[in-house]
Amino acid sequence: MKNIFLFAFVLAVALGFSVSEIAAQTAESRQQSKEIASLFNKTKHKIKEKGGIHVEVYIDINSEPAVKQSLSEYSGRYKSETDDWLDLKIGANGEIEVSGSEPAPQKSRRFKLTNAKIENALLTGTKVYEDGSTEKFEAAFLNRTVRASKNDAGTTTFGIGVAFVPPKMDLGSGFVLNKLFYEMK
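Procedures and definitions
- Every chain begins its residue count from 1, and numbering advances along the sequence as written.
- Local features in this predicted model are restricted to residues whose pLDDT is 70 or higher, and side-chain atom pairs enter the listing and the counts only when it is 80 or higher, whereas totals over whole chains, interfaces and linings include all residues.
- Side-chain descriptors were evaluated using all non-hydrogen atoms of the structure, hydrogens and water having been removed beforehand.
- Working definition: helices are DSSP H or I runs of at least four residues, strands are E runs of at least two. Numbering for both runs from the N terminus.
- Residue contacts are defined here by distance: any two heavy atoms, one from each residue, within 4.5 Å place the two residues in contact.
- Accessibility throughout is a Shrake-Rupley quantity obtained with a 1.4 Å probe, and a residue counts as covered only by protein chains that appear here.
- For cavity detection a 1 Å grid was placed over the protein atoms alone, and a set of points counts as a cavity when a 1.4 Å probe fits there but cannot get out; an open set counts as a pocket when protein lies on both sides within 12 Å along at least five of seven lines, with lining residues being those that have an atom within 4 Å of a point.
- Grid points are joined across faces, edges and corners, and a volume is the space filled by probe spheres set on the points.
- Gly is put with the polar residues, along with every residue not named as nonpolar or charged; the nonpolar set is Ala, Val, Leu, Ile, Met, Phe, Trp, Tyr, Cys and Pro, and the charged set is Asp, Glu, Lys and Arg.
- What pLDDT conveys is the predictor's confidence in a given residue, as a value from 0 to 100.
- Here, a strand pair is defined by DSSP locating no fewer than two bridges between the strands.
- Patch rule: a residue counts if its relative accessible area is over 30% and it has no salt bridge; like charges are joined within 9 Å, and nonpolar side chains (Val, Leu, Ile, Met, Phe, Trp, Tyr) within 5 Å.
- In the sections that follow, a salt bridge refers to a side-chain nitrogen of Lys or Arg positioned within 4 Å of a carboxyl oxygen of Asp or Glu.
- Charge counting treats Lys and Arg as positive and Asp and Glu as negative, with His and both chain ends excluded.
- Here the site of a charge means NZ on Lys, CZ on Arg, CG on Asp, or CD on Glu.
- To sort residues, take the accessible area from a 1.4 Å probe on protein chains only and compare it with the maximum for the residue type: under 20% means buried, over 50% means exposed, and anything in between is partly exposed.
- We define a nonpolar core as any set of buried Ala, Val, Leu, Ile, Met, Phe, Trp, Tyr and Cys residues linked to one another through side-chain atoms lying within 4.5 Å.
- Ring pairs shown here join Phe, Tyr and Trp side chains whose ring centres sit within 6.5 Å, with only the six-membered ring taken for Trp; geometry is labelled stacked below 30 degrees between planes, edge-to-face above 60, and tilted in between.
- Two thresholds decide whether a charge sits over a ring: the Lys NZ or Arg CZ must be within 6 Å of the ring centre and within 35 degrees of the ring normal.

Caption draft 1: Layout of the overall build of the chain. In terms of helices and strands, the chain carries two helices and 10 strands. Counting only contacts in the chain whose residues sit at least 6 apart along the sequence, the fraction spanning at least 24 positions is 43%. With an accessible surface of roughly 11800 Å², the chain has 53% of that area assigned to carbon and sulfur atoms.

Caption draft 2: Layout of the layout of surface pockets. Size it by volume and the second largest pocket reaches roughly 390 Å³. Forming the boundary of the second largest pocket are 17 residues, of which Phe-40, Glu-81, Arg-144, Leu-180 and Phe-181 lie nearest the centre. At four residues, the largest contribution of residues to the lining of the second largest pocket is made by strand S10 (residues 175-184). When the residues that make up the lining of the second largest pocket are grouped by side-chain class, the tally is five nonpolar, five polar and seven charged.

Caption draft 3: Just the confidence of the model for the chain, in detail. Per-residue pLDDT for the chain has a mean of 86; in total, 86% of the residues score no lower than 70. The spread of mean pLDDT over the elements of the chain runs between helix H1 (residues 2-14), the lowest at 42, and strand S3 (residues 76-80), the highest at 98. Considering only residues more than four positions removed or in separate chains, one finds that residues 1-24, a stretch of pLDDT under 50, has 11 contacts.

Caption draft 4: Just the pairing of strand S6 (residues 109-119), in detail. Here strand S5 (residues 96-102) runs beside S6; their pairing, made up of five bridges, is antiparallel. Along S6, the bridge assignment pairs Val-98 with Leu-113. Taken together, S5 and the strand that follows it, S6, pair antiparallel across an intervening segment of six residues. One ladder, built from seven bridges, connects S6 with strand S7 (residues 122-129); its direction is antiparallel. Directly across from Phe-111, in S7, lies its bridge partner Tyr-129. Linkage of S6 to S7, two consecutive antiparallel strands, is achieved through a turn of two residues, within which Asn-120 is found at a positive phi near 55°.

Caption draft 5: Main features of a positive patch on the surface. Taken together, the side chains of Lys-42, Lys-44, Lys-46, Lys-48, Lys-50 and Lys-179 define a basic patch exposed on the protein surface. The biggest single contributor to the positive patch is strand S1 (residues 42-50), with five residues. Turning to its location among the elements, Lys-46 is positioned in strand S1. With a relative accessible area of 44%, Lys-46 lands in the partly exposed category.

Caption draft 6: Just the nonpolar core, in detail. Judged by nonpolar contacts, the single largest core of 25 residues is most densely connected at Tyr-74, Tyr-78, Leu-88, Phe-141 and Ile-160. For this core, the secondary structure elements donating two or more residues are strand S4 (85-90), S5, S6, S7, strand S8 (134-147), strand S9 (155-170) and S10. Dropping the residues within four chain positions of it, Leu-88 is found in contact with Tyr-74, Ser-75, Gly-76, Tyr-78, Glu-97, Val-98, Leu-123, Phe-141 and Ile-160. Counting eight residues, the second largest nonpolar core, distinct from the first, contains Ala-37, Leu-122, Leu-142 and Phe-181.

Caption draft 7: Seen up close, the packing of aromatic side chains. Summed over all chains, the structure comprises eight aromatic pairs. Each ring, one from Tyr-78 and one from Phe-158, has its centre 6.1 Å from the other, and the planes form 55°; the classification is tilted. Taken together, the residues span a long stretch of sequence, with Tyr-78 in strand S3 and Phe-158 in strand S9 at a distance of 80 residues. The pair formed by Tyr-78 and Phe-158 is uniform in burial state, with each residue classed as buried. With 6.1 Å between their ring centres and 70° between their planes, Phe-111 and Tyr-129 make a pair best called edge-to-face. Of this pair, Phe-111 sits in strand S6 while Tyr-129 sits in strand S7; the two residues are 18 residues apart in sequence, bridging distant segments of the chain. Each of the two residues, Phe-111 as well as Tyr-129, counts as buried. Members of the aromatic cluster, each reached through a chain of ring pairs, are Tyr-74, Tyr-78, Phe-141 and Phe-158. For Arg-109, the ring lying beneath its charged end belongs to Tyr-129, and the centroid distance is 3.6 Å.

Following this line, the structure appears as structure tokens:
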């Protein structure tokens, strides 16, 4: 893995990128993956008492970028709660292939990702839908821990958090989608 980074660094310098430009891109991708992870954080603690009945609701969801040692560790099938999916394959040459589906007002839309790139747990590329339309894609590989009480150690799942900027909306049907978590299966 270190050899791949060294090769990429030497290639980038040979192509005319300065060391500061390379460092800036790395810092930018690290920051962007942290920002996406923060979209998947949530804490809720409510206590209700009515008629002598005490009800307490607690949930804490904490997401952090999941940087892997090898790109091949990201390969696999990911599935969302909406039964949409992402298939991610890393070739021996480091080529990244992604296909998947996402919710839409009528039915799920299928796409393939072109120009896919992974850096600091940030997955970027361009979605090309079956009808030929395109859209920017940005997601972060996440370790997502859900705790049901303050004393709960939590359950951690690995997956991909996708941010939709701007949100996907269909005002006629009330459909709004601003983020989606695909868990590795």
